[in-house]
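One letter stands for each residue in the lines below.
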Amino acid sequence: MKRFGLSSAERIKSKKIFEKIFTYGSTIFSYDQKIKANYILEAGNAGVKFAAAVSKKNGNAVWRNRLKRLLREAYRLNKQTLVEFSLKKDLSIKVVFLPHRLNQKDNKKICYDEIAPAVVDLMSKMTGAK
RNA sequence: AGUCCGGUUUGGGCAAUUGCUGUCAUAAAAUGGCAGAGGAAAGUCCGAACUUCCCAGAACAGGGUGCCGGGUAAUACCCGGGGACCGGAGGAGCAAUCCUUCGGUUACGGAAAGUGCCACAGAAAAAAUACCGUUCCUCAUUUAUGAGGAAUAAGGGUGAAAAGGCAGGGUAAGAGCCUACCGCAGUAAUGGUAACAUUACUGGCACGGUAAACCCCACCCGAAGCAAGAUCAAAUAUGGAAGUUUUUUCCAUAAAGGAAACAAAGGUGUUCUGCUUUGUUAAACUUCCGGGUAGAUCGCUGGAUUCUGGUGGCAACAUCAGAACAAGAUAAAUAAUUGCCGCCUGCCUUAGGCGGGUUACAAAAUUCGGCUUACAGAACCGAACUGCUU
RNA sequence: UGCCCCGUGGUGUAAUUGGCAACACGUCUGACUCUGGAUCAGAAAAGUUUAGGUUCGAGCCCUAACGGGGCAG
């Protein structure tokens with residue numbers, strides 16, 4: 001596995017896994033309330049799977065695509081701690097990132113520096129809580 | 001030179017690092033090379049290709065289109081022309097208005113095939129039943145009024161719309177009743193492929209509006225849509241066939257057997273009950289066939305393709321030659337950061353220096369041809385107006 | 001991605017082939033009551049999602065846009 005890579009094997013693609021996460025998983029919010037994360041932990045099969053989901057109500061297609069790319073970029077550059085935690089405890093982690101108090105009306109142009117701290121904060125909360 | 005309107009084109013560039021999708025190279029892992037979002041990708045308003053269903057044809061129903069000619073695979077699209085309307089300029093005229101030219105808009109077939117509707121107001125809303133008024137006749141009397149009869153659509157008022165306009169003649173008063181001009185309708189000639197235009201003659205007018213009301217006429221249309229559809233195929237439901245093993249619901253038993261239930265067949269179009277005949281009864285396992293969910297592969301990008309040039313055509317477009325392959329994902333790639341140039345902008349201001357911004361509308365989802373809508377800035381073209389100069 | 005449907009006071013619904021936008025609940029004011037509720041009387045609140053067109057006249061007919069909702073293997 002590459003240090004800063006993000007291949008398709010590390011992403012969630014099945015509809016069933018999404019349903020599982022949203023019904024049984026737990027939710028945490030970032031310090032500035034911009035991003036939230038739904039995640040689920042299972043014993044065995046060490047590894048982390050990731051996805052970003054943006055609702056149609058938050059903005060138009062261009063805005064949604066941009067937010068998903070920024071979330072993916074922030075995760076890709078800062079995923080190291082989460083992967084090490086997973087390998088150490090032998091847990092399979094599945095995470096979905098969603099915008100909480102972000103929409104196109106208030107933030108027409110968003111950039112990487114606004115998203116990255118929130119994502120890092122969420123991941124440190126997940127590892128620290130266990 | 002500026003303002004405003006309309007139209008066309010364009011929709012920042014180069015490089016580095018990290019990462020994603022596709023593809024090519026090496027036997028594979030991995031590494032490297034190459035490529036990677038728009039003019040609207042949008043809305044889904046039209047038209048096609050393609051696929052499945054149905055397929056022998058015809059008719060009806062339903063839907064669509066609607067001045068004429070051309071273009072196209074096809075269209076509600078495009079090009080050219082005609083009519084009508086709007087705006088500007090110029091000219092003619094006392095004026096109404098008309099003519100010329102430039103630009104724009106136009107769902108623009110039929111109201112003498114038929115039906116419906118036209119609220120309120122008004123006498124009357126379509127075969128004019130005459131409200132006020134005008135005129136004549138008769139009768140009555142208070143002698144200028146009343147009653148009755150007749151003629152009259154010129155005038156009044158109502159309305160969105162009132163039965164050709166205007167002038168002269170005519171008349172009891174009036175009226176296309178007659179005449180000139182204009183409008184309208186018909187016929188003919190000329191020009192034009194045609195829509196239509198022009199001219200001449202005839203008719204005195206007969207024909208209010210509405211078809212984005214029903215309808216009539218002409219032409220066109222089978223339905224659904226890539227989540228179409230094709231192939232492979234875990235699972236699950238347990239459908240069918242074959243085989244093997246253990247074993248039999250009740251009664252009776254030495255054995256044969258009997259009963260019950262279920263299934264099939266028989267006579268009827270169907271159902272139920274009964275009858276007759278035949279067969280079977282429970283469980284497990286294996287194999288084959290069928291079925292087709294999760295998932296995978298195909299459909300999936302080389303095509304009514306793009307660019308350049310020639311030829312034909314007023315043009316849309318057609319055709320010929322040469323060159324080029326230009327995204328193909330599926331919880332869904334095309335991104336992040338940085339530097340330089342370009343552009344916009346603030347301050348200090350001679351050059352120049354310092355700082356900020358990097359953009360509008362918006363992102364492929366089977367593929368094309370249009371239409372419609374959104375759009376910062378830039379470039380070009382056309383028309384009008386204003387100012388200055390000649 | 002494709003297909004289909006709907007927009008009327010604050011809310012839920014009407015409006016017969018085009019002719020004054022109606023009703024209920026809610027809101028406000030007054031009366032009744034010591035006060036509130038209930039009851040009675042009265043009032044305000046839309047111009048029909050938006051923009052064009054047809055018509056003498058559009059909630060209704062036509063075209064485009066905007067918003068909301070539903071269906072599918």
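To keep things clear, this report deals only with the structure shown in the data block. (Residues numbered from 1 in each chain as written. Chains lettered and ligands numbered in written order. Predicted model: local features only at pLDDT ≥ 70, side-chain atom pairs only at ≥ 80, totals over all residues. Heavy atoms only, no water.)

## Overview of the pattern of salt bridges
Point 1. According to the stated counting rule, one finds 2 salt bridges in the structure shown.
Point 2. One salt bridge connects R76 with E73, and the closest N-O pair in it is separated by 2.7 Å. Here R76 pairs with E73, and both are found in helix α2 (residues 61-78), just 3 residues apart, close to one helical turn.
Point 3. Note on R76: relative accessible area 23%, which makes it partly exposed.
Point 4. Note on E73: relative accessible area 31%, which makes it partly exposed.
Point 5. Salt-bridge contacts for K125 lead to D121; the nearest nitrogen and oxygen are separated by 3.6 Å. Of this pair, K125 and D121 both sit in helix α4 (residues 112-129), 4 residues apart, which is roughly one turn of that helix.
Point 6. A relative accessible area of 35% places K125 in the partly exposed class. (Salt bridge = Lys/Arg side-chain N within 4 Å of Asp/Glu carboxyl O. Helix = DSSP H or I, 4+ residues; strand = E, 2+ residues; numbered from the N terminus. Buried < 20%, exposed > 50% of the residue type's maximum accessible area, 1.4 Å probe, protein only.)

## Quick word on the layout of surface pockets
Point 1. Taken as a whole, the largest pocket spans an internal volume of roughly 180 Å³.
Point 2. Forming the walls of the largest pocket are R11, I12, K13, F50, A51, A52, N65, K68, R69 and R72.
Point 3. Mapped onto the lining of the largest pocket, the elements with two or more residues apiece are β3 (47-52) and α2.
Point 4. With 4 residues, the single largest contributor to the lining of the largest pocket is α2.
Point 5. The class makeup of the residues in the lining of the largest pocket is 4 nonpolar, 1 polar and 5 charged. (1 Å grid on protein atoms, 1.4 Å probe; cavity = no way out; pocket = protein on both sides within 12 Å on 5 of 7 lines; lining within 4 Å. Points joined across faces, edges and corners; volume = space filled by probe spheres on them. Nonpolar A, V, L, I, M, F, W, Y, C, P; charged D, E, K, R; others polar.)

## Let's talk about the pairing of strand β1 (residues 26-29)
Point 1. Of the strand pairs in this sheet, β1 and strand β2 (residues 35-43) are connected by 4 bridges, and their pairing is antiparallel. Note on β2: the bridge partner recorded for S26 is Y39. (Pairing = 2+ DSSP bridges.)

## Here we look at the packing of aromatic side chains
Point 1. In the structure shown here, the tally under the stated rule is 3 aromatic pairs.
Point 2. Ring centres of F50 and Y75 lie 4.1 Å apart, and the angle between their planes is 5 degrees; this geometry places the pair in the stacked category. Taken as a pair, F50 in strand β3 and Y75 in helix α2 lie far apart in primary sequence, 25 residues in all.
Point 3. Ring centres 5.7 Å apart and planes at 50 degrees place the aromatic pair F50 and F97 in the tilted group. Pair noted here: F50 is in strand β3 and F97 is in strand β4 (residues 91-99), with a separation of 47 residues, a long-range link. (Phe/Tyr/Trp six-rings, centres within 6.5 Å; stacked < 30°, edge-to-face > 60°.)

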